[in-house]
Amino acid sequence: MKLGIMVNEGPYTHQASDSAYHFTKAALAKGHEIYRVFFYHDGVQNGTDFTTPPQDDRNVVKRWSELAGEHGLDLVLCVAAAQRRGLVDEDEQKRHGKTGHNVAPGFRISGLGQLIEAGIQADRLVVFGD
Amino acid sequence: MSEAGATKKFLYINRKAPYGTIYAWESLEVVLIGAAFEQDVSLLFMDDGVYQLVKEMQTKGIGMKNFTATYAALGDYEVNKIYIDKDALTERGLTLDDLQHLVWEDENEDWAEKDSIHLVGRDEIADLLDEQDVIFNF
Amino acid sequence: MLHIVNKSPFTAGALQSCLRIAKAGSTILMIEDGIYGALDGTAVSGQIREALGDITVCALSHDLEARGVNGKVLDGITLVDYDGFVELVTANDGVQSWL
């Protein structure tokens, strides 16, 4: 089955991203297709490469990146939400004259249309948030 | 029909008050973008979500944009099925008169102006959820 | 329909809103802080016990264990792991998260 995932909270403060990760991993292991994981609201913070958690804690961002690498997951950060919260890719860095870019491997910034499209294409959409 | 395929029934459920958190505002942004995809869209306001539609908000003092003015434009985007949990209104001491009057123009009836808002009870809400292909929660 | 509740019933209205709307034959899955709604001897246990006649109530075992309360679950509640969570999503026609 084709599943869409929406993550509405950032890492660490709320469990939403952890739950979404474990769900996604289990779905992939069972042979389901993850059409897209869409990060919205503070959820875009799951895509910052600048995360450096202590060594004895999980690295939520890296974990998503690795899962994307292994399974070709499409991890999308909402551009409007990302701009508000300081998530910047190379294009956005140039366009807005920022000092750096911080989108982690496996993530891309795109529009809200990607969320709607996931709703249309996937058999189920599961929302994780607060 | 959208480019992506057959029309699906999309329901946006709003259960949170405005301003205290950003969910209401960013939910509306999804609805506006989603309107371009020509799906069968409904909005449901329940619990504290009904506070989003209170009219005459003055946000100057808190330094935030009054995004709720955009609700009045939803009819122009062909988003005209707006359901409000009547029990949520009553519990909060509100009536329809406290809310924005949202309308749309029906092109099949010579652009007659019609109400977008429908008050619903628990059984209608349960049926509404059952009918959907996709539910977005904010 | 699958209803997902991730809030403690003692701080948020999510479980109450869900119970009000969930139809007979539907399933409620409690995850994250929502699992506190699955415990015996609480102010909502009676209500859950009553709902169990018409509704399947599940709780995510990992979240119960993490919070040290897996020994306190009400009889009649089904424990599921993340695999079970996936199965609930695919087996039900719709998914509603009571955020």
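Details of the structure are given in the entry above.
Being a predicted model, the structure only gives us computed values, none of them experimental.

Caption draft 1: Spatial organisation of the nonpolar core. Ranked by internal contacts, the top residues of the largest apolar core, which has 86 residues, are Trp64(A), Tyr12(B) and Phe85(C). The leading source of residues in this core is helix α1 (residues 16-29) of chain A, at seven residues. Phe85(C) has contacts with Phe23(A), Phe128(A), Ile4(C), Leu29(C), Ile31(C), Leu60(C) and Val80(C), leaving out every residue within four places of it along the chain. With 35 residues, the next largest nonpolar core counts Val120(B), Val5(C), Ala22(C) and Ile35(C) among its residues.

Caption draft 2: Spatial organisation of the interface of chain A and chain B. At the junction of the two partners, chain A supplies 21 residues and chain B supplies 23 residues. Taking both partners together, chain A and chain B bury about 1,800 Å²; carbon and sulfur atoms supply 61% of that area. The largest contributions to the chain A side of the interface with chain B come from Arg84(A), Ile116(A) and Ile120(A), which together make up 34% of the buried area. Remark: the boundary between chain A and chain B carries three salt bridges. Arg84(A) is the partner of Glu29(B) in a salt bridge, and the nearest nitrogen-oxygen pair spans 3.0 Å. Applying the counting rule to chain A against chain B returns ten residue pairs in polar contact (both at pLDDT 80 or more).

Caption draft 3: Quick peek at the sheet that holds strand β4 (residues 107-110) of chain A. All names here are of chain A. Spatially, the five strands line up as an open sheet ordered β4-β3-β2-β1-β5, and their pairing is parallel. At either margin of the open sheet sits one strand with a lone partner, and together these are β4 and β5 (124-128). The mean inter-strand angle of the sheet, taken between neighbouring strand axes irrespective of direction, is 25°. Judged from the three bridges that link them, strand β2 (residues 33-39) and strand β3 (residues 75-78) form a sheet pairing that is parallel.

Conventions we followed
- Residues numbered from 1 in each chain as written.
- Chains lettered and ligands numbered in written order.
- Predicted model: local features only at pLDDT ≥ 70, side-chain atom pairs only at ≥ 80, totals over all residues.
- Heavy atoms only, no water.
- Core = buried A, V, L, I, M, F, W, Y, C linked by side-chain atoms within 4.5 Å.
- Buried < 20%, exposed > 50% of the residue type's maximum accessible area, 1.4 Å probe, protein only.
- Helix = DSSP H or I, 4+ residues; strand = E, 2+ residues; numbered from the N terminus.
- Contact = heavy atoms within 4.5 Å.
- Buried area = accessible area lost by both parts, 1.4 Å probe.
- Salt bridge = Lys/Arg side-chain N within 4 Å of Asp/Glu carboxyl O.
- Polar contact = N/O pair within 3.5 Å; in protein donor to acceptor, adjacent residues only side chain to side chain.
- Pairing = 2+ DSSP bridges.
- Axes fitted to C-alpha atoms, helices over the stretch in contact; angles between N-to-C directions.

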